[in-house]
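Each chain is listed here by its residues.
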Amino acid sequence: MPNSRPRPRRGARGGTGAAGRDELVSRSLQSAEHCLGAQDFGTAYAHYLLVLSLAPELKDDVKEKLSEAPVGSTFSWCLSSSCFSLPPCQASVIRRQCGSRLITRLSPAVCSMQPAFHDRSPIALLKALELPETFQYTLFRWAEELHALSRIQDLLGCYEQALELFPDDEVICNSMGEHLFRMGFRDEAAGYFHKAVKLNPDFNDAKENFYRVANWLVERWHFIMLNDTKRNMVYNAAIQKAVTSGSKSVLDIGAGTGILSMFAKKAGAHSVYACELSKTMYELACDVVAANKMDAGIKLLHMKSLDIEIPKHIPERVSLVVTETVDAGLFGEGIVESLIHAWEHLLLQPKAKGENGNCEKYGKVIPASAVIFGIAVECAEIRRHHRVGVKDVAGIHLPSNVKFQSPAYSSVDTEKTVEPYTTEKMSRIPGGYLPLTDCFEIMTVDFNNLQELKSLATRKPDQICIPVMKEGILDAIVVWFVLQLDDEYSLSTSPSEATCWEQAVYPVQDLADYWIKPGDHVMMEVSCQDCYLRIQSINILDLEHEMDTTKSFNKNKDLLSLGNEAELCNALANLQTSKPDAVEQTCVLESTEIALLNNIPYHEGFKMAMRKVLSSLTPEKLCQAMDTHCQDNEMSSGAEQSNIAESTPEPFYILDVSEGFSILPVIAGTLGQVKPYSSVEKDQHRITLDLISEANHFPKETLEFWLRHVEDESAMLQRPKSDKLWSIIILDVIEPSGLIQQEIMEKAAISRCLLQSGGKIFPQYVLMFGMLVESQTLVEESAVQGTERTIGLNIAPFINQFQVPIRVFLDLSSLPCIPLSKPVELLRLDLMTPYLNTSNREVKVHICKSGQVTAIPFWYHMYVMKRLGWILQVNPPTGNQAAVVLDNPVQVEMGQELVLSVQHHKSNVSITVKQ
């Protein structure tokens, strides 16, 4: 019968459509699962996008039902290998990458409490519950592939799609931030990290990422400077004086938090403009200005001052520019370039000398001028970090044709714009310093003189000759300045001043002899090039003795005339230099790498430990055979030698995965039948290690560079050969900042599986110690303290959003603090048995002095072997230290006990006081 098939009723089309949609969803899920199994993450991601767009209830229902579950309900938060038919290895990767929010089964109790879950089949329910996490895994793997292919726009597009679907997913937000940070978008990365922390305050990965990026976005000196009451008062007084004298239109260059702009507005300026390049600081300044009810009178510009145009950004030229775009070397923040542009395009013309008139008609700058000073010093701490002072390291000779330099010195002869100095708080430098000359004037600069500013970058270097007043080792030229805000107010950054400023340090290197004495003269060339104060071509002239024994710092530079100083001219004319026969290899090391190379006990300890491990792995008979072979080499027949050679065992494989430059693989090569592998990345470091090996008569094939054998750095930890294991793996546990290296325990767990029987990880374990201290310095360097320091302006709550609980790069030997307890052990990290480490512990601390606990400094003792203790830090510890700074000080009395809660999550350690 033609009409026997029943027709669908009107209104039943929705059911048919729903069924078709469900079928498409089901097939897309199956396709996604198949693609995941084939590791085709791009196609799998596309299928999951289709599923979630067709069936958004899969994610919405799960969130709703999970949020309704009673607080006492429990879920099983681990992903089984059966979900979506994933192989076990992929399931473990999802667990690792997506954190602890993964669901595979719902407890029956919860199912009974949530009847709505029974509306779907168990398979559909499981898929709905697991989908967000599997989607995350697919997204992360596909994003890594896109990053490797440099498909950045596609990568960002994938995350934008993901965040449209899951806008409140902290894991995706955190992952997006990590990619942005890797690409250099620190401001944007911080926003995602901050959002992830707000979504889940207990998400440790996001917290750690936010703390790290916060140090980039809001540099720690902002807190120190805002807490410097003298600096704020002097700037406020100078600005108030200028504004009341008639300078009513003001431009603040490099506004930061906007404090100088607000000083100008409070003083009565009619128009105030402020420019700030950093997006984070610009947004912070907007909030600060609004909170102080000055947003109507201050126009904030998110741009460089060099890009400001009239009338596009500001209506007319201003009568006053205020700025503090200066660093420890005065010029490093670009003040010269920005003021040249300001005078040419943004400022009114300056008042001529002797001319009277209303200040509003003329332009001026605060600060008005600066005088730069210097002094030559002896300082063991600077020497240790910037000059390799050893010729032999644990039996390894450092050849004379290898020249180690710190980045500050290497910038002298480079075309790159590199900061030619380091900075130190000289009043707090460990071991102090000894002045070898009187303070001398290096340069003056008038910021209100356009022609002088222009000539700074083009004029020839000036030569300075300074008599030596005390004998000692010439280690550095230390530089500071006096900033003359106007004819009345000034600020000094001298090491003798109680100031927030550090001093610029120019390490002295490459002298034949660094010893100087009264009667000698220190000569140098000074200039302002590439927006930096440069001090180079340092020479020592001994005028009382032979003129041809002059010691040169820069042998290839032509020296300029000294004018009327005839004797010095004659000495320079007789300057002799010698060129070594061997080709010199310059190796630039970070200051921490130089300090480590100078650390003889460190290398001796590792050598002793490696020897003990290898001797325990070497069969006794083999040792005897090798000894006999060495003693009777000349008497042995060719056949005997051949037999011994045939019995030569496989070498012991040693892998050093230390961060940066390390000579440990070369030391390992001296210990017999060893095949050492280095993980250095830089070509100059590899060339240097090859030259050192050659100078110590190693066979060329002895040292290998491991990165040439692996696909990328992430695959560093694997077997030396398919059928071989490592005898020793050396890990870098502590960062120079004083924090534990990222993922060190994960690396230890992998390394443990790659060791032969009896093999060792170095160091085998690390002890973390700490003590309670009272330190106002740490408090002021970590957060802005109220409104009194900022002259009544409300800044603290806004910038303190970027405070971090840990202060890094500390040295307790020179930190101003009062110890309130003795050192106690806080944590033990056992790298040989990483699975036995406890993640939480409580430590009782006995109070030995009454006071306020404001911080808990911590440091490490590293043990290469359990019976051979090698301590990286001595008591009192120096270097590689950090401190937890408490939000609220804790008052304690002598004899009291305080309980600390120490939590170790991945590589992050948190220390809190239990009340």
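Residues numbered from 1 in each chain as written. Predicted model: local features only at pLDDT ≥ 70, side-chain atom pairs only at ≥ 80, totals over all residues. Heavy atoms only, no water.

(A) Broad picture of the overall build of the chain. Of regular secondary structure, the chain possesses 28 helices and 39 strands. Counting only residues that meet the buried cut, the chain has 50% of its 915 residues in that class. Contacts spanning at least 24 positions in sequence make up 76% of the contacts within the chain whose residues lie at least 6 apart. Of the roughly 43000 Å² that the chain leaves accessible, carbon and sulfur atoms contribute 50%. (Helix = DSSP H or I, 4+ residues; strand = E, 2+ residues; numbered from the N terminus. Buried < 20%, exposed > 50% of the residue type's maximum accessible area, 1.4 Å probe, protein only. Contact = heavy atoms within 4.5 Å. Areas by Shrake-Rupley, 256 points an atom, 1.4 Å probe, with all protein chains shown as cover.)

(B) Molecular detail of empty space enclosed by the protein. Considering all chains together, one arrives at four cavities of 30 Å³ or more under this definition. For the largest cavity, the calculated volume is near 70 Å³. Lining the largest cavity we find Asp228, Lys230, Arg231, Leu491, Ser492, Glu497, Ala498, Thr499 and Trp501. Of all elements in the fold, only helix H12 (229-244) and strand S18 (490-492) reach the threshold of two or more residues within the lining of the largest cavity. Here the lining of the largest cavity is composed, by residue class, of three nonpolar, two polar and four charged. Structurally, the lining of the largest cavity is a two-domain feature, drawing no fewer than three residues from each of domain 1 (220-351 + 358-366) and domain 2 (369-543). (1 Å grid on protein atoms, 1.4 Å probe; cavity = no way out; pocket = protein on both sides within 12 Å on 5 of 7 lines; lining within 4 Å. Points joined across faces, edges and corners; volume = space filled by probe spheres on them. Nonpolar A, V, L, I, M, F, W, Y, C, P; charged D, E, K, R; others polar. Domains from an automatic or database assignment.)

(C) Up close: the nonpolar core. Of all hydrophobic cores here, the largest spans 146 residues; its most connected members are Phe135, Leu330, Phe331, Phe447, Ile477, Leu483 and Met524. Not counting chain neighbours up to four residues away, the residues in contact with Met524 comprise Phe440, Asp462, Gln463, Ile464, Ile466, Ile477, Ile535, Gln536, Ser537 and Ile538. The next biggest cluster of nonpolar side chains, apart from the first, holds 52 residues, and it includes Ile734, Leu739, Val766 and Val902. (Core = buried A, V, L, I, M, F, W, Y, C linked by side-chain atoms within 4.5 Å.)

(D) Summary view of the side chain of Ser751. Structurally, Ser751 can be placed in helix H26 (residues 744-753). Among all residues touching Ser751, those that are not within four sequence positions of it are Leu717, Ile729, Leu731 and Ile761.

(E) Main features of the sheet that holds strand S27 (residues 704-705). With parallel pairing, the five strands of this open sheet are ordered in space as S27-S26-S25-S28-S29. Two strands lie at the open edges of the sheet, namely S27 and strand S29 (755-762), each paired on one side alone. When strand S28 (residues 726-730) meets S29, the two strands line up parallel, connected through four bridges. Paired with Trp726 across the bridge in S29 is Leu755. Contacts from H26 reach S28 and S29 within the one sheet, and its direction differs from that of S29 by about 155°. (Pairing = 2+ DSSP bridges. Axes fitted to C-alpha atoms, helices over the stretch in contact; angles between N-to-C directions.)

(F) Here's a closer look at the side chain of His386. As for its position among the elements, His386 is in helix H16 (residues 380-386). You can call His386 buried: its relative accessible area is 7%. Separated by 3.2 Å, the side chains of His386 and Ser406 make a polar contact. Not counting residues within four places of it along the chain, the set of residues in contact with His386 comprises Ser406, Thr422, Pro507, Gln509, Ser591 and Ile594. (Polar contact = N/O pair within 3.5 Å; in protein donor to acceptor, adjacent residues only side chain to side chain.)

(G) Just helix H14 (residues 279-291), in detail. Over its 13 residues, H14 runs 18 Å from end to end, which matches the ideal 18 Å to within 8%, given 1.5 Å per residue. Listed in full, the buried residues belonging to H14 are Thr280, Met281, Leu284, Ala285, Val288 and Val289. Viewed end-on, H14 has its buried residues packed into an arc of 155°, placing them on one side of the element. Close packing links the buried residues of H14 with helix H9 (186-199), helix H10 (204-217), helix H11 (221-226), helix H13 (259-267), strand S5 (298-301) and helix H28 (796-799). Looking one or two places after H14, you find Lys293, whose phi comes out positive at around 60°. (Expected span 1.5 Å × (residues − 1). Arc of directions from axis to C-beta.)

(H) Here's a closer look at the packing of aromatic side chains. Taken as a whole and assessed by the stated rule, the structure comprises 18 aromatic pairs. Seen in terms of ring centroids, Phe373 and Trp480 are 6.3 Å apart; in terms of plane orientation they differ by 25°. Their pairing is stacked. Here Phe373, found in strand S8 (residues 369-378), pairs with Trp480, found in strand S17 (residues 476-484); they are 107 residues apart in sequence, far enough to count as distant. Per residue, the accessibility class of Phe373 equals that of Trp480, and both read buried. Pairing Trp706 with Trp726 gives two aromatic rings, centres 5.2 Å apart and planes at 85°, and the pair type is edge-to-face. Of this pair, Trp706 sits in the loop between S27 and S28 while Trp726 sits in strand S28, and the two are 20 residues apart along the sequence. Each member of the pair, Trp706 as well as Trp726, carries the same accessibility label: buried. A connected cluster of aromatic rings, assembled from ring pairs, spans Tyr653, Tyr677, Trp706 and Trp726. The side chain of Arg387 reaches across the aromatic face of Tyr514, ending 3.6 Å from its centre. The aromatic ring of Tyr765 is capped on one face by Arg828, whose charged end is 4.0 Å from the ring centroid. (Phe/Tyr/Trp six-rings, centres within 6.5 Å; stacked < 30°, edge-to-face > 60°. Lys NZ or Arg CZ within 6 Å of the ring centre and 35° of its normal.)

(I) Summary view of the pattern of salt bridges. The tally for this structure, following the rule as stated, stands at 24 salt bridges. Across the pair Glu488 and Lys241 runs a salt bridge, and its minimum N-O distance is 3.2 Å. With Glu488 in the loop between S17 and S18 and Lys241 in helix H12, this pair connects stretches of sequence that are 247 residues apart. Taking relative accessible area as the criterion, Glu488 reaches 48% and is therefore assigned partly exposed. For Lys241, a relative accessible area of 30% corresponds to the partly exposed category. The salt bridge partner of Glu344 is Lys454, with a shortest N-O separation of 2.8 Å. With a gap of 110 residues between them, Glu344 in helix H15 (residues 335-345) and Lys454 in helix H18 (residues 450-456) connect regions that are remote in the sequence. Note on Glu344: relative accessible area 31%, which makes it partly exposed. (Salt bridge = Lys/Arg side-chain N within 4 Å of Asp/Glu carboxyl O.)

(J) Quick look at the environment of Leu485. Within the element layout of this structure, Leu485 appears in the loop between S17 and S18. Between the C-alpha atom of Leu485 and that of Ala370, which follows or precedes it by 115 residues, the distance is 8.4 Å. Setting aside anything within four residues of it in sequence, one finds Leu485 in contact with Val234, Tyr235, Ala238, Val365, Ile366, Pro367, Ala368 and Ser490.

(K) Local environment of the packing of helix H8 (residues 170-183) against H9. Between H8 and H9, the least distance of the axes is 8 Å, while the angle of their chain directions is 160°. Of the possible angle classes, the one that applies to H8 and H9 is roughly antiparallel. Crossing hand, H8 versus H9: left-handed. When H8 is examined against H9, the residues Glu170, Cys173, Asn174, Met176, Gly177, Glu178, Leu180 and Phe181 are found in contact with a partner set consisting of Arg186, Glu188, Ala189, Tyr192, Phe193, Lys195, Ala196 and Leu199. (Parallel < 35°, antiparallel > 145°, perpendicular 65-115°, else oblique. Left-handed = near helix turned anticlockwise from the far one by under 90°.)

(L) Inspection of the confidence of the model for the chain at higher detail. A residue-level look at the chain finds 79% of positions with pLDDT of 70 or above and a mean pLDDT of 81. Contacts of residues 62-129 to residues separated by more than four positions or lying in other chains number 98 contacts, the stretch itself having pLDDT below 50. Low pLDDT (under 50) marks residues 552-566, which in the prediction has 44 contacts with non-local residues, meaning those over four places away or in another chain. (pLDDT = per-residue confidence, 0-100.)

(M) Summary view of the sheet that holds strand S7 (residues 364-366). The strand order across the open sheet built from five strands is S5-S4-S3-S6-S7, with neighbouring strands paired in parallel fashion. With partners counted over all chains shown, the strands left at the sheet margins are S5 and S7, one partner each. Taken pair by pair, the neighbouring strands of this sheet meet at an average axis angle of 20°, ignoring direction. Relative to S7, strand S6 (residues 320-323) is paired through three bridges, and the arrangement is parallel. Bridge pairing in S7 places Val322 opposite Ile366. Contacts from H12 reach strand S3 (249-253), S6 and S7 within the one sheet, and its direction differs from that of S7 by about 165°. Against the sheet, H13 engages S3, strand S4 (271-275), S5 and S6, with an angle of about 180° to S4.

(N) Seen up close, the pairing of strand S30 (residues 765-770). Burial within S30 is extensive, with six of its six residues counted as buried. Here S30 shows no split at all, with Tyr765, Leu767 and Phe769 on one side and Val766, Met768 and Gly770 on the other all buried. Sheet topology note: the S30/strand S36 (residues 851-863) ladder contains six bridges and is antiparallel. Within S36, the position partnered with Val766 by the bridge is Met862.

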